[in-house]
Amino acid sequence: MKKHNFSAGPSILPQEVLLKASEAVLNFNNDNLSLLEISHRSKPFVDVMEHARALVLELLNLEGKGYKVLFLQGGASTQFLMVALNLLEKRAGYLNTGSWSDKAIKEAKIYDDIYEVASSKNANYNYIPKGYDIPTDYDYFHCTSNNTIFGTQMKSFPKCSIPLVCDMSSDIFSRQLDFTKFDLIYAGAQKNLGPAGTTLVVVKEDILGKVSRKIPSMMDYKVQISKSSMFNTPPVFAVYVSMLTLQWLKDLGGIEAIEKVNDIKARLIYSEIDLNPLFKGYASKADRSLMNATFNLINDDLKETFDTMCREGGISGLNGHRSVGGYRASMYNALPLESVQVLVEIMSELETKA
Ligand SMILES: *Cc1c(COP(=O)(O)O)cnc(C)c1O
């Protein structure tokens, strides 16, 4: 039986997506060729790329609103510098809510001055700063919607008169938002969208072309847009599996439908964390992530028992990130409610044993 996969990334994919993906590796489109051995310029693959792009705009409700969709390589980490290269002329504002924001700031600083509008670094990022001002004369404001490592999530986004850039790697397609508020969204696929190897970028075209520096072709959003993400050979398998996952989500009822399940899963785990005296949550309650629940055992002597019970219950990928310790239950779209129920049962069983 398949394990209950709480891995933070790469992470769980829908079983039917894995099945279709494995079929395509052997025989794609009934053409008696593998998806992995055909030209990316062949019609069957161009159709995949176009369908994936269309699904992104449809699911985010961004059709006909001036946005372009790219499937790039280099992970979200490459977007840290690509954003700066393409948008940073004089100064940008960054909200520092975790290790990934911190890395984004570090990369952008290579190119120009960065202003940290607020930071929760002193509290080891266990909350989301609020009530900060964003200067109106900056090139853009950058934030991270969900902090995968620390388990915090932005519940609202600041009013922003300058372009709003957001790293949504670990919660894109998990909840309904007014995505038109954002001018550039990026997300590594391996959390909530597909396998490792591609990064989704959704960008409002009219914010581009405003910096004076020369941008290397591979790093230039305008070049990538003009070549439909095929300036060079795209990661065909990762794009295909992402397309299958997007189609799976659409067939399920889209973001509106999955958000309901995600809410139920999160409520279930957090109520166990709060009611069970053996555990305590890491993130500040108001900022808790619906995707990554971080928690610790109050008494570390129970660790071995709990870990064994989890292992025997088929739970996988529950270890916290080394910078937080404890446990992290990542509950991305593809994780069934049943997996959270199994975990919660084990947590409450530990209480009766202890
Ligand atoms: C995982 C993650 C990244 C890094 O993604 P890579 O694709 O490995 O570069 C960046 N930001 C967030 C929020 C993440 O969760």
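Residue positions are given per chain, counting from 1 as you read along its sequence in written order. With the structure being a predicted model, the display of local features is reserved for residues of pLDDT at least 70 and the display and counting of side-chain atom pairs for 80 or more, all residues being used for whole-chain, interface and lining totals. For side-chain calculations, the full set of non-hydrogen atoms in the structure is used, while hydrogens and water are omitted.

**Q** What exactly am I supposed to notice about the domain arrangement of the protein chain here?
**A** Many descriptions give the size of an interface as the accessible area lost when the pieces come together. By convention here, the domain bounds are inherited from an automatic or database domain assignment. Segmentation of the protein chain into domains returns domain 1 (15-252) and domain 2 (254-353). A straight line from the C-alpha centre of domain 1 to that of domain 2 covers 27 Å. Domain 1 puts 30 residues into the contact, and the matching count from domain 2 is 26 residues. The quantity reported as buried area is the accessible area (1.4 Å probe) lost by two parts once they are put together, taken as the sum for both. Both faces combined, the contact of domain 1 with domain 2 buries some 2,300 Å², and carbon together with sulfur accounts for 53% of it. If you sort the residues of domain 1 by the area they bury against domain 2, Ile149, Gly151 and Gln176 come out on top, with a joint share of 22%. The salt bridge definition used is simple: a Lys or Arg side-chain nitrogen within 4 Å of an Asp or Glu carboxyl oxygen. Joining domain 1 to domain 2, the criterion identifies one salt bridge. The shortest N-O distance in the salt bridge between Lys130 and Asp287 comes to 2.9 Å. Definition of a polar contact: a pair of N or O atoms within 3.5 Å, with one able to donate and the other able to accept a hydrogen when the atoms are protein atoms, and with sequence-neighbouring residues admitted only if both atoms are side-chain atoms. Inspection of the region where domain 1 meets domain 2 yields 18 residue pairs in polar contact (both at pLDDT 80 or more). The way it works is that DSSP assigns letters per residue, a run of H or I at least four long becomes a helix, a run of E at least two long becomes a strand, and they are numbered from the N terminus. Considering every element that reaches the side of domain 1 that touches domain 2, the biggest residue donor is helix 6 (residues 236-252), with four residues. Here the term charged refers only to Asp, Glu, Lys and Arg, the term nonpolar to Ala, Val, Leu, Ile, Met, Phe, Trp, Tyr, Cys and Pro, and the term polar to all other amino acids, Gly among them. Taken together, the residues of the side of domain 1 that touches domain 2 break down into 13 nonpolar, eleven polar and six charged. Note on definitions: a residue-residue contact is assigned when non-hydrogen atoms from the two residues lie within 4.5 Å.

**Q** Quick question: what am I supposed to make of the packing of aromatic side chains here?
**A** The description of an aromatic ring pair rests on the distance of the ring centres and on the angle between the ring planes. In this analysis, rings of Phe, Tyr and Trp, with Trp reduced to its six-membered ring, are considered paired at centre separations within 6.5 Å, and the interplanar angle assigns stacked below 30 degrees, edge-to-face beyond 60, and tilted for intermediate values. Per the stated rule, a full pass over the model turns up twelve aromatic pairs. Both rings, one in Phe279 and one in Phe295, keep their centres 5.7 Å apart while their planes meet at 70°; by these two values the pair is edge-to-face. Of this pair, Phe279 sits in strand 11 (residues 279-281) while Phe295 sits in strand 12 (residues 292-297), and the two are 16 residues apart along the sequence. In this pair, the class of Phe279 matches that of Phe295, namely buried. Measuring from centroid to centroid gives 5.2 Å for Phe279 and Phe306, while their planes differ by 65°, and the two rings are edge-to-face. Of this pair, Phe279 sits in strand 11 while Phe306 sits in helix 8 (residues 303-312); the two residues are 27 residues apart in sequence, bridging distant segments of the chain. For Phe306, a relative accessible area of 0% gives the class buried. An aromatic cluster of at least three residues, connected via ring pairs, comprises Phe279, Phe295, Phe306 and Tyr327. Residue exposure (1.4 Å probe, protein chains only): buried if accessible area is under 20% of the type maximum, exposed if over 50%, otherwise partly exposed.

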